[in-house]
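Listed below are the residues making up each chain.
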Amino acid sequence: MNYLEFEKPLAEIEGKAEELRALARKNEGMDVSKEAAALDKKSADLLKDLYKNLDPWRKCQVARHPDRPHCKDYIDTLFTEFTTLAGDRNFADDHAVMGGLARFDDQPVVVIGQEKGSDTKTRIERNFGMARPEGYRKAIRLMDLADRFRLPVITLVDTPGAYPGKGAEERGQSEAIARSTQKCLEIGVPLISVVIGEGGSGGAVAFATANRVAMLEHSIYSVITPEGCASILWKDAERMREAANALRLTAQDLLKLGVIDRIIPEPLGGAQRQRDEAIRSVGTAIGAMLKELGDMKPAELVKDRREKFLKMGSKGLTA
């Protein structure tokens, strides 16, 4: 278990309980069940207290937890017959974006998501979930395919933002993001987006301009990272906690503001503690959202999506 900074007291208690059990395993005559049970109860109470009312900066930490389920985990669990479709047919295949044809509850769909990677090798290969222009152009190609064959599109958003490198800018990063956002608004099929971790900047909006947008309880969605915001406004990245509060980036704030449509509950302690349960909750939410949009005609879906985003901002920041 990787513990976050604010979880250190919890790490100490759980570590002591494990030490007791390790001693008991080495000494068969030793009975530590009562002491271990007491520590377990103490850790459970502390976990509940820590996650009862997380502030925005702590939610940022949870959203970025390396053990949270990533796009590949959701695809492997929730979808069957997944067939990867690679490349943008122009420059290259961006491994930060994975997508293809699949079945969800036996319904043919197109699924697209940003994959961060699960260890050092895969994180480097996936560029930490930061897509280059070819990643967004691959997404456009897949959305065109879905529109042609009348397949719902499901996107899984988890990125700190689009890759800001020189090569990406030379190949038209901002144009690719804009085209992907435009394509989201144009397709006449149900488009559902779930923010499973970080939803950072235009890199997230390019996948999340959807009929229905959902967020996991401890995920974040914002125009910029708290560190980037603090660096720009105050020339001090250490003021990220203050920036996180000001950005209104939590699922709870964004639901009040009308930016998202639903919050998907996470297990106590975050999705990283009960990965299977969190993935099942996302699957249930996707199924419900697909059902909501199932009877709508292409023109109605496009109109619904456009009106949703045109109305955005009608609820003030005091909402």
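Structure shown above.
Residues numbered from 1 in each chain as written. Predicted model: local features only at pLDDT ≥ 70, side-chain atom pairs only at ≥ 80, totals over all residues. Heavy atoms only, no water.

1. Describing the packing of helix H8 (residues 173-186) against helix H9 (residues 201-208)
Axis separation between H8 and H9 bottoms out at 7 Å; the angle between their running directions is 25°. One way to sum up the angle between H8 and H9 is to call them roughly parallel. Between H8 and H9 lies a crossing whose hand is left-handed. Note on element contacts: H9 touches H8 through Gly-202, Gly-203, Val-205, Ala-206 and Phe-207, opposite Ile-177, Ser-180, Thr-181 and Cys-184. For the contact of H8 with H9, the class distribution of residues is five nonpolar, four polar and no charged. (Axes fitted to C-alpha atoms, helices over the stretch in contact; angles between N-to-C directions. Helix = DSSP H or I, 4+ residues; strand = E, 2+ residues; numbered from the N terminus. Parallel < 35°, antiparallel > 145°, perpendicular 65-115°, else oblique. Left-handed = near helix turned anticlockwise from the far one by under 90°. Contact = heavy atoms within 4.5 Å. Nonpolar A, V, L, I, M, F, W, Y, C, P; charged D, E, K, R; others polar.)

2. Topic: the layout of surface pockets
For the largest pocket, the calculated volume is near 280 Å³. Along the walls of the largest pocket sit 17 residues, with Val-205, Tyr-221, Ser-222, Val-223 and Val-259 positioned nearest its centre. Of all the secondary-structure elements, those providing two or more residues to the lining of the largest pocket are H9, strand S7 (220-222) and helix H11 (240-247). Ranked by the residues each element gives to the lining of the largest pocket, the list is headed by H9, at four residues. Across the lining of the largest pocket, the residue classes tally to 13 nonpolar, three polar and one charged. (1 Å grid on protein atoms, 1.4 Å probe; cavity = no way out; pocket = protein on both sides within 12 Å on 5 of 7 lines; lining within 4 Å. Points joined across faces, edges and corners; volume = space filled by probe spheres on them.)

3. Some remarks on empty space enclosed by the protein
Following the criterion strictly, the structure yields one cavity of 30 Å³ or more and no others. Considering only enclosed or pocket space, the largest cavity measures out at about 40 Å³ in volume. Of all the secondary structure elements, the ones that give two or more residues to the lining of the largest cavity are strand S5 (191-200) and S7. With three residues, the top contributor of residues to the lining of the largest cavity is S5. Here the lining of the largest cavity is composed, by residue class, of two nonpolar, four polar and two charged.

4. A few points about unusual backbone geometry
One non-glycine residue, Asp-106, lies in the positive phi region at around 70°. Within the secondary structure layout, Asp-106 lies in the loop between strand S2 (97-104) and strand S3 (107-114). Judged by its relative accessible area of 57%, Asp-106 is exposed. Its identity as a non-glycine residue notwithstanding, Ser-201 has a phi of 60°, on the positive side. On the basis of relative accessible area, Ser-201 is assigned to the partly exposed category, the value being 31%. (Buried < 20%, exposed > 50% of the residue type's maximum accessible area, 1.4 Å probe, protein only.)

5. Let's talk about the side chain of Arg-68
By the secondary structure assignment, Arg-68 is in the loop between helix H3 (56-63) and helix H4 (71-78). According to the relative accessible area criterion, Arg-68 is buried, its value standing at 2%. Beyond its immediate sequence surroundings of up to four residues, Arg-68 is in contact with Val-62, Ala-63, Asp-73, Ile-196, Gly-197, Leu-216, His-218, Ser-219, Glu-266, Ala-271, Gln-272 and Arg-275.

6. Examining the packing of aromatic side chains
For the structure on display, the rule yields three aromatic pairs. On the basis of an interplanar angle of 75° and a centroid distance of 5.8 Å, the ring pair of Tyr-136 and Phe-207 is categorised as edge-to-face. Of this pair, Tyr-136 sits in helix H6 (residues 133-148) while Phe-207 sits in helix H9, and the two are 71 residues apart along the sequence. For the residue pair Tyr-136 and Phe-207, the accessibility class agrees, reading buried in each case. Looking at Arg-132, its charged tip hangs above the ring of Tyr-163, at a distance of 4.7 Å from the centre. The positively charged end of Lys-308 is found above the aromatic ring belonging to Phe-309, 5.8 Å away from the centroid. (Phe/Tyr/Trp six-rings, centres within 6.5 Å; stacked < 30°, edge-to-face > 60°. Lys NZ or Arg CZ within 6 Å of the ring centre and 35° of its normal.)

7. Digging into the pattern of salt bridges
Within this structure, the stated rule accounts for 27 salt bridges. When the shortest N-O distance is used, the salt bridge between Glu-170 and Lys-166 registers 4.0 Å. Separated by four residues within a single helix, Glu-170 and Lys-166 lie in helix H7 (residues 166-170), roughly one turn from each other. Judged by its relative accessible area of 59%, Glu-170 falls in the exposed class. (Salt bridge = Lys/Arg side-chain N within 4 Å of Asp/Glu carboxyl O.)

8. Overview of the pairing of strand S6 (residues 212-216)
For S6, the tally of buried residues reaches five of five residues, placing the bulk of the element in the interior. Side chains Arg-212, Ala-214 and Leu-216 of S6 all project onto a buried face; the interleaved residues Val-213 and Met-215 project onto the opposite face, where all are buried too. Here S5 pairs with S6 via four bridges, running parallel. If you follow Ile-192 over to S6, its bridge partner there is Arg-212. What joins S5 to S6 is H9, and the crossover it makes is right-handed. Where S6 and strand S8 (residues 262-264) come together, three bridges link them in parallel fashion. Along S8, the bridge assignment pairs Leu-216 with Ile-264. (Pairing = 2+ DSSP bridges. Right-handed = clockwise from strand over helix to strand, strands pointing away.)

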